[in-house]
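Spelled out from the first residue to the last, the chains are:
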Amino acid sequence: MIVRILGEGQFRVDDVATAELNRLDTELEAAVNHDDEAAFAAALDGLLGQVRAQGSPLPADTLEPSDLILPHQDSSMDEVRKLLTDDGLIPG
Amino acid sequence: MGVMKRVSLVFKAKANKALDKMEDPRETLDYSYQRQLELLTKVRRGVADVATSRKRVELQMNQLQQQANKLEDQARKALGMGREDLARAALERKASAQSQLNDLQVQYAQLQGEEEKLTVASQRLQSKVDAFRTRKETIKATYTAAEAQTRINEAFSGISEEMGDVGMAIQRAEDKTAQMQARAGAIDELMASGALDDAIGGRRDDIQSELDMMAASSDVERELSRLKGEITASAPKQLEGPGVEANGTSQATQSQPQSAQGVQDQGGPYAPPPPAQAQPAGIPVSDLPAAEPQDGEGS
């Protein structure tokens with residue numbers, strides 16, 4: 001499947017790696033819900049590292065939409081919260 | 001549902017909303033392409049803005065570095081003149097300039113990072129826009145209403161996701177640039193107001209003026225003793241022109257009483273000394289006995 005890291009581009013990630021991504025993603029979500037900045041940073045770091053390590057970058061001229069989208073490397077929890085709302089960070 | 005999926009759904013919803021606005025799918029393609037070109041312009045401008053901001057920080061960093069060097073130089077000079085207090089003051093200011101410099105270096109690195117990210121984003125968007133244009137032309141050329149919508153949707157959601165991403169990258173870079181400019185502006189203002197004057201090489205620099213004053217006063221001392229030498233030398237000059245110029249130093253002044261005594265001890269009436277004697281003794285030798293003995297001789 002295709003995963004985008006915002007600010008970095010898209011990666012094709014083998015479905016086998018998905019389980020680990022989902023586990024980290026659940027941690028990320030829990031951290032956001034509990035307002036736990038340290039856990040949030042650790043989970044985001046783990047997620048991005050996993051995608052970069054397991055995935056291969058897509059060529060720049062593909063027009064395929066991503067299945068999953070991950071926040072920026074140095075996103076704050078607040079930014080991620082805004083990302084999750086329809087009229088949040090993503091411009092028109 | 002996890003964060004990753006939710007974010008991707010938000011992106012998709014945005015794309016769909018834009019698609020739904022269009023009656024004719026082909027219209028969507030052209031409209032989107034227009035937006036893509038606008039975004040490309042915007043991201044390129046963003047790269048230029050960050051670069052401008054980075055250069056401004058670079059300039060301030062250079063100024064601070066020069067100031068730190070200058071302060072260290074002042075400290076060295078002050079120590080050389082035995083003024084440890086001044087040297088300490090200079091070094092304290094150097095430390096403050098240095099800490100400003102360190103702060104700026106961190107921000108400079110961040111700006112550089114943003115610039116690189118935006119440059120890459122702009123290149124990636126360019127590739128995608130090119131690909132979209134090709135796809136758009138193909139779809140329009142072989143247009144049949146039945147299949148068009150699906151193909152348009154595919155192309156559209158891919159590019160619209162990229163546009164959302166790039167749009168956010170531009171926003172982030174703009175925020176960082178604005179922060180940086182606010183900071184650079186604050187430093188400029190401090191420099192203009194004189195508050196950071198001494199730390200940033202402003203108009204008045206009290207350490208420098210004290211060093212200058214000390215240097216000037218030692219110049220004054222030197223001048224004074226030179227003039228003193230000239231004055232003492234000028235007395236014999238009236239009587240006996242030559243030899244004066246060479247002796248305008250304090251040494252000559254000191255030697256005067258000695259040689260004067262020597263001559264006086266000899267007592268005797270005035271007689272012009274032979275040149276061999278006059279030279280080692282200096283100016284005074286000839287001049288001392290001049291007045292009195294001559295008078296005595298006359299009476």
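Structure's up top.
Just so we're clear, the structure is a prediction, and the values are computed from it rather than from any experiment.

What counts as what
- Residues numbered from 1 in each chain as written.
- Chains lettered and ligands numbered in written order.
- Predicted model: local features only at pLDDT ≥ 70, side-chain atom pairs only at ≥ 80, totals over all residues.
- Heavy atoms only, no water.
- Helix = DSSP H or I, 4+ residues; strand = E, 2+ residues; numbered from the N terminus.
- Buried < 20%, exposed > 50% of the residue type's maximum accessible area, 1.4 Å probe, protein only.
- Contact = heavy atoms within 4.5 Å.
- Areas by Shrake-Rupley, 256 points an atom, 1.4 Å probe, with all protein chains shown as cover.
- 1 Å grid on protein atoms, 1.4 Å probe; cavity = no way out; pocket = protein on both sides within 12 Å on 5 of 7 lines; lining within 4 Å.
- Points joined across faces, edges and corners; volume = space filled by probe spheres on them.
- Salt bridge = Lys/Arg side-chain N within 4 Å of Asp/Glu carboxyl O.
- Polar contact = N/O pair within 3.5 Å; in protein donor to acceptor, adjacent residues only side chain to side chain.

Chemist: Tell me about the overall build of chain B, and please be specific about residues and values.
Modeler: Tallying secondary structure elements over chain B gives 10 helices and zero strands in all. Reading the helices (α) and strands (β) of chain B from amino to carboxyl end gives α-α-α-α-α-α-α-α-α-α.

Chemist: Requested: an account of the overall build of chain A, with residues and values cited.
Modeler: When its secondary structure is counted, chain A shows three helices and four strands. Beginning at the N terminus, the succession of helices and strands in chain A can be written as β-β-α-α-β-β-α. For chain A, the proportion of its 92 residues judged to be buried stands at 46%. Restricting the contact set of chain A to residue pairs at least 6 apart, pairs at least 24 apart contribute 66%. Split by element, the accessible area of chain A, about 4200 Å² in all, is 50% carbon and sulfur.

Chemist: Explain empty space enclosed by the protein to me, and be specific about the residues and the numbers.
Modeler: Over the atoms a probe the size of a water molecule is rolled, and this reveals where empty space is left. In this structure the tally under the stated criterion is three cavities of 30 Å³ or more. Within this model, the largest cavity holds a volume of roughly 60 Å³. Looking at the largest cavity, the residues that line it are Gly7 and His72 of chain A together with Glu114, Lys117, Leu118, Ala121, Ala169 and Arg172 of chain B. Counting residues per element, the ones that place at least two in the lining of the largest cavity are α3 (84–141) and α4 (145–193) of chain B. Here the element with the most residues in the lining of the largest cavity is α3 of chain B; it accounts for four residues.

Chemist: Tell me about unusual backbone geometry, and please be specific about residues and values.
Modeler: The phi angle at Asp35 of chain A is positive, at roughly 60°, despite the residue not being glycine. Mapped onto the elements of the fold, Asp35 of chain A is located in the loop between α1 (18–33) and α2 (37–54).

Chemist: Give me the lowdown on the environment of Ser32 of chain B, citing residues and values where you can.
Modeler: Residue and element names in this part refer to chain B. Residue position: Ser32 is located in helix α2 (residues 25–80). Since its relative accessible area comes to 3%, Ser32 is described here as buried. Sequence separation of Ser32 and Ile159 is 127 residues, and the distance between their C-alpha atoms is 8.7 Å. Apart from residues lying up to four places away in sequence, Ser32 is in contact with Phe132, Phe156, Ile159 and Met163.

Chemist: Give me the lowdown on the interface of chain A and chain B, citing residues and values where you can.
Modeler: Contacts between the two partners involve 39 residues from chain A, matched on the other side by 35 residues from chain B. There are seven salt bridges connecting chain A and chain B. A salt bridge links Arg6 of chain B to Glu29 of chain A; the shortest N-O distance between them is 2.7 Å. At the boundary of chain A with chain B, the tally comes to 17 residue pairs in polar contact (both at pLDDT 80 or more). No other element matches the five residues that α1 of chain A contributes to the side of chain A that touches chain B.

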